[in-house]
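Architecture at a glance
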Amino acid sequence: MQLAPSASRSRALPMAIALAFGLGLPLAPVSGSALEGPAPAKPGEATAPAAAAKPRVVIVATGGTIAGAGADAANSATYQAAKVPVDKLIAAVPAIAQIAEVRGEQAFQIASESFTNAQLIQLAKQVSALVKRDDVDGVVITHGTDTVEETAYFLDLVVKTDKPIVMVASMRPSTAISADGALNLLDAVVVAGAKDSRAKGVLLTMNDEIQAGRDSTKRVNIKPSAFFSQWGPLGMVVEGKTYWFRAPVKRHGTTSEFDIETIDSLPDVAIVYGSGNMHPEPYTSAVAGGAKAIIHAGTGNGSVAGYLVDTLKDIRSKGVQIIRSSRVGDGFVLRNAEQPDDKYDWVVAHDLNPQKAKILAAVALTKTQDTKELQRIFWEY
């Protein structure tokens with residue numbers, strides 16, 4: 001039987017009192033109007049403020065697995081990358097519309113291993129132009145996982161803004177069972193639209209984590225939990241909300257001395273991977289091919305085999321920079337440990353892995369050839 005409003009109120013009050021006694025809670029006076037809810041506003045009275053405007057986010061698509069498609073839903077590692085255009089990526093995640101006003105731009109449609117310096121520069125100039133606009137609050141960039149860490153670090157160095165720039169990728173194509181791209185994209189839009197994401201540098205959002213673009217690196221090639229930072233994530237995204245636990249301290253964005261508006265090309269930088277029983281030809285061939293710096297991805301603390309020292313000293317005497325990094329996943333290379341860097345006029349990459357050291361070296365060489373200045377840059381960035 002449906003009760004009249006007055007009867008409902010007469011029963012609700014004793015029930016509330018009984019519940020309070022049962023829980024041992026103190027009683028407070030309860031009026032009938034409180035049970036009825038707020039009265040409608042009278043003409044001329046102020047009403048509650050309207051909901052805050054949604055952030056305006058641009059999604060720039062470059063291809064990659066997040067835009068990939070496989071022949072079967074069981075194919076999570078066998079597929080074609082860069083098949084789905086940006087408008088379909090956005091349409092596949094309708095919940096995005098509840099979080100932000102989004103629009104898409106298709107920068108490239110390629111697998112990320114095919115990125116070149118020219119495309120890095122083109123993308124950075126496109127993103128730089130977007131963040132200068134008053135109608136853009138944040139930018140999301142969809143990207144392949146193979147080189148997303150390099151692109152993220154490059155943008156971190158050269159795009160001068162405090163607005164959020166968020167890289168996003170996926171390890172499984174959209175056609176796979178348990179594809180991770182849709183949630184990653186949703187989380188990236190959340191991060192790009194959040195005011196507390198500002199001034200934290202370029203970010204990477206995957207697997208519910210918010211990683212610093214500078215620090216994160218791909219360590220697993222077949223699992224959604226592919227990206228790690230030895231210093232830990234900056235935060236997490238859970239059910240559409242950001243949670244932050246630390247902030248980056250290295251120079252980036254508006255504090256960077258580099259600016260994509262003044263960069264139209266990058267010098268060639270080579271990486272030579274360290275191992276036992278090495279030969280000098282990879283180093284000398286890199287120089288012959290035009291490399292202006294060589295990242296030595298050495299064993300341990302960026303170690304250089306004794307039989308290679310003279311080769312690297314000779315290369316440095318010809319004006320090519322030698323930068324000691326390490327093939328080890330964590331830790332950092334100590335200057336003047338293992339090798340007398342001051343004596344040989346070499347640079348150490350600090351905690352940057354070889355591929356990130358390559359990005360910073362290329363950017364730094366657009367400003368200086370001085371070894372001491374290069375070492376300062378590796379300490380600060």
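You'll find the chain entered in an unreviewed UniProt entry as Glutaminase-asparaginase, with Methylobacterium bullatum given as the organism. According to its UniProt record, the chain has this under Sequence similarities (unreviewed entry): "Belongs to the asparaginase 1 family."

A few words on the packing of aromatic side chains. For the coordinates displayed, the defined rule picks out 3 aromatic pairs. Between F108 and F115, the ring centres sit 5.5 Å apart and the planes meet at 85°, which makes this aromatic pair edge-to-face. An identical accessibility class is assigned to F108 and F115; each is buried. With centroids separated by 4.8 Å and ring planes inclined at 55°, the aromatic side chains of Y344 and W346 adopt a geometry described as tilted. By relative accessible area, which is 16% here, Y344 ends up buried. Its relative accessible area of 0% is what places W346 among the buried residues. When the ring centre of W244 is taken as origin, the NZ or CZ atom of K200, which lies over that ring, is 4.5 Å away. The positively charged end of K241 is found above the aromatic ring belonging to Y243, 5.6 Å away from the centroid.

This next bit is on the sheet that holds strand β2 (residues 101–110). The strand order across the open sheet built from 8 strands is β2-β1-β3-β4-β5-β6-β9-β10, with neighbouring strands paired in mixed fashion. Either end of the sheet is taken by a strand with one partner, and the two such strands are β2 and β10 (241–244). Strand after strand, the sheet turns through a mean of 25° between neighbouring axes, direction not considered. Its contacts with the sheet put helix α6 (residues 148–158) on β3 (138–142), β4 (165–168) and β5 (203–206), and the angle it makes with β4 is roughly 175°. Along the sheet, helix α7 (residues 181–193) contacts β1 (56–63), β2, β3, β4, β5, β6 (209–212), β9 (235–238) and β10; its crossing angle with β3, the most-contacted strand, is approximately 155°.

The next thing to look at is the pairing of β10. Put simply, side chains in a regular strand alternate between the two faces of the sheet. Taken together, the 4 bridges between β9 and β10 define a ladder with antiparallel strand orientation. For G235, the partnering residue across the bridge sits in β10 and is W244. Hairpin connection of β9 to β10: 2 residues between the antiparallel strands, including E239 at a positive phi of 50°.

This part covers the UniProt feature "binding site: substrate" (unreviewed entry) in the chain. The feature "binding site: substrate" (unreviewed entry), as annotated in UniProt, sits at S112, T145 and D146 in this numbering. For the annotated residues, spread through 35 residues, the largest C-alpha to C-alpha distance comes to 6.9 Å, consistent with a single compact locus. In this fold, T145 is placed in the loop between β3 and α6. Sequence-distant contacts of T145, defined by excluding residues within four places in its chain, comprise S112, A169, S170, M171, M206, K218 and F227. With respect to the helices and strands, D146 occurs in the loop between β3 and α6. Ignoring anything within four residues of it in the chain, the contact list for D146 reads S112, E113 and K218.

The rules we used
Residues numbered from 1 in each chain as written. Predicted model: local features only at pLDDT ≥ 70, side-chain atom pairs only at ≥ 80, totals over all residues. Heavy atoms only, no water. UniProt positions renumbered as here; feature names shortened; annotations may be inferred. Phe/Tyr/Trp six-rings, centres within 6.5 Å; stacked < 30°, edge-to-face > 60°. Buried < 20%, exposed > 50% of the residue type's maximum accessible area, 1.4 Å probe, protein only. Lys NZ or Arg CZ within 6 Å of the ring centre and 35° of its normal. Pairing = 2+ DSSP bridges. Helix = DSSP H or I, 4+ residues; strand = E, 2+ residues; numbered from the N terminus. Axes fitted to C-alpha atoms, helices over the stretch in contact; angles between N-to-C directions. Contact = heavy atoms within 4.5 Å.

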